Amino acid sequence: MVAVGVLHLPSRLLSSSPRVVSSSRPFSASSPSGVAKVVLKKGKTQLFKDGSPMVYSGAVDRIIGKPPPQTGDVVIVADGTESPIGWGLYNSVSMFCVRLMQLQHESTRDPSCALNVEKLLQTRITQAVQLRNNLGLPSPNTTSAYRLVNSEGDRLSGLIVDVFRDIAVVASSAAWLEKYRTHVEACLRSSIHGINHINWRPSLDLLKEDGFDISSLKQTQSAPLPERSMVVENGITYAISLEGQKTGFYTDQRESRHFISTISSGKTVLDLCCYSGGFALNAAKGGATNVLGIDSSLPALELARENVLLNHMDPEKVVFFKQDSTEFMKGALSREETWDIVILDPPKLAPRKKVLHNAAGMYRNLNSLAMRLTSSGGLLMTCSCSGAMTQSGKFLGILQSAAAMAGRKITVVREAGAASDHPLDPSYPQGHYLSNILLRVL
């Protein structure tokens, strides 16, 4: 005898249509009126019952429903016997056929959200706000820049929201979010105290992969946006550009930046790929005797120099130069320069698994140079923001190979990832992208 699951439905989806079943009765062969059913292949169900949010097209056996669902439509996901395991949002083009939004047992526990995207958005964003509040974010006078929604980690696949004081910056990377944009914005305004602006920044490359026609994107913002904003992180003031990289500021390194401030007293510090000076400023705050930041982006360095002045730091002790990091390191080696602490946080070198081999060589070369610039017994904080590298588990091995190339010996002192406001869903390991490793270099 096959056990049939129950998916409780809100009354707004029930009618006298013969296809509709009562919310108090199970359904398997039929679906609520207008809601298609995506039936998985036998043997492909358990992964998604266990919580994996991305139903890939190869796991789908058939789709029941006329007319067929369109991208962004709500669909029921069912096992091979057509018993529901949950519901999600359909995509007719992407390799991910459905983004699961709620499992069957969750809809039983909270039927108000069943098949209701607007209600689910409000619930999940409210939960995200509560989690950040429990983490002490935002913190008056200490931290006003933080990640509010972290995609699958907050059960809203494809949605990233960073808050910078009174501005919420939204990075949309899924087609369904463009369909529900007005609802997302309304939920953010009602859930976050003091938000005056929402900056919607579609992730164009990811939206293309999701099959979205980016020519149809709305170019208007909900209100005129300032070009710059001022935020505080760990008690340090930053000017940030809302047209800068990613959402404008890298909140994921907040805890590691603070850690640098605790170990920098009396040290010389080199911050490579420094962007707007986050690690460098924390080192200076922690009492470093001399801090040098290197980046190839002039706009980023202009922000970094402005941030030095905003925090009343000595611009002769916290200095920034525009240069390619590799070229700088080669020149510094020729001058026989070393630093007590070196920080290496390069841009994403392995955006895809297919380039992982080439990226491994780049990481090896960069880290070998950085190790040679680290004083004997000094510390190297080295990072990879490439999900393909982090998920491969090869980063430590590459660092060991880099040490051999440099003629140095390393030991691991600390391992970290993204800050705690970047929660991860263990059923979706692809969300783990940042590696931050502190090495002692001998």
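Preceding this paragraph is the structure being described.
Residues numbered from 1 in each chain as written. Predicted model: local features only at pLDDT ≥ 70, side-chain atom pairs only at ≥ 80, totals over all residues. Heavy atoms only, no water.

Here's the deal with empty space enclosed by the protein
If a probe as big as a water molecule is rolled over the atoms, it shows which places are left empty.
(1) Moving on: Scanning the model with the defined rule gives one cavity of 30 Å³ or more in all.
(2) Moving on: The volume enclosed by the largest cavity comes to roughly 60 Å³.
(3) Moving on: Every residue along the wall of the largest cavity is listed here: T71, G72, L89, Y90, N91, F96, R99, A175, W176 and D210.
(4) Moving on: At the level of elements, β5 (84-90), β6 (96-103) and α4 (175-179) are the ones that each hand at least two residues to the lining of the largest cavity.
(5) Moving on: Split into classes, the residues belonging to the lining of the largest cavity amount to five nonpolar, three polar and two charged. (1 Å grid on protein atoms, 1.4 Å probe; cavity = no way out; pocket = protein on both sides within 12 Å on 5 of 7 lines; lining within 4 Å. Points joined across faces, edges and corners; volume = space filled by probe spheres on them. Helix = DSSP H or I, 4+ residues; strand = E, 2+ residues; numbered from the N terminus. Nonpolar A, V, L, I, M, F, W, Y, C, P; charged D, E, K, R; others polar.)

Considerations on the layout of surface pockets
(1) Moving on: One number sums up the size of the second largest pocket: a volume of about 270 Å³.
(2) Moving on: Taken together, 18 residues line the second largest pocket, and the ones lying closest to its centre are P138, S139, Y146, R165 and H193.
(3) Moving on: Elements that contribute at least two residues to the lining of the second largest pocket include exactly α3 (117-134) and β7 (145-150).

Things to note about the pattern of salt bridges
(1) Moving on: Overall, the coordinates contain 15 salt bridges when judged by the stated rule.
(2) Moving on: The salt bridge involving E255 is made with R254; its shortest N-O contact spans 3.9 Å.
(3) Moving on: On the basis of relative accessible area, R254 is assigned to the buried category, the value being 5%.
(4) Moving on: Among the salt bridges present, the one from D421 reaches R254, with a minimum N-O distance of 2.9 Å. (Salt bridge = Lys/Arg side-chain N within 4 Å of Asp/Glu carboxyl O. Buried < 20%, exposed > 50% of the residue type's maximum accessible area, 1.4 Å probe, protein only.)

Comments concerning the environment of T142
(1) Moving on: Within the secondary structure, T142 is located in the loop between α3 and β7.
(2) Moving on: In sequence terms T142 and T237 are 95 residues apart; their C-alpha atoms lie 9.1 Å from each other.
(3) Moving on: With residues near it in sequence (within four places) discarded, T142 still touches V232, E233, N234 and G235. (Contact = heavy atoms within 4.5 Å.)

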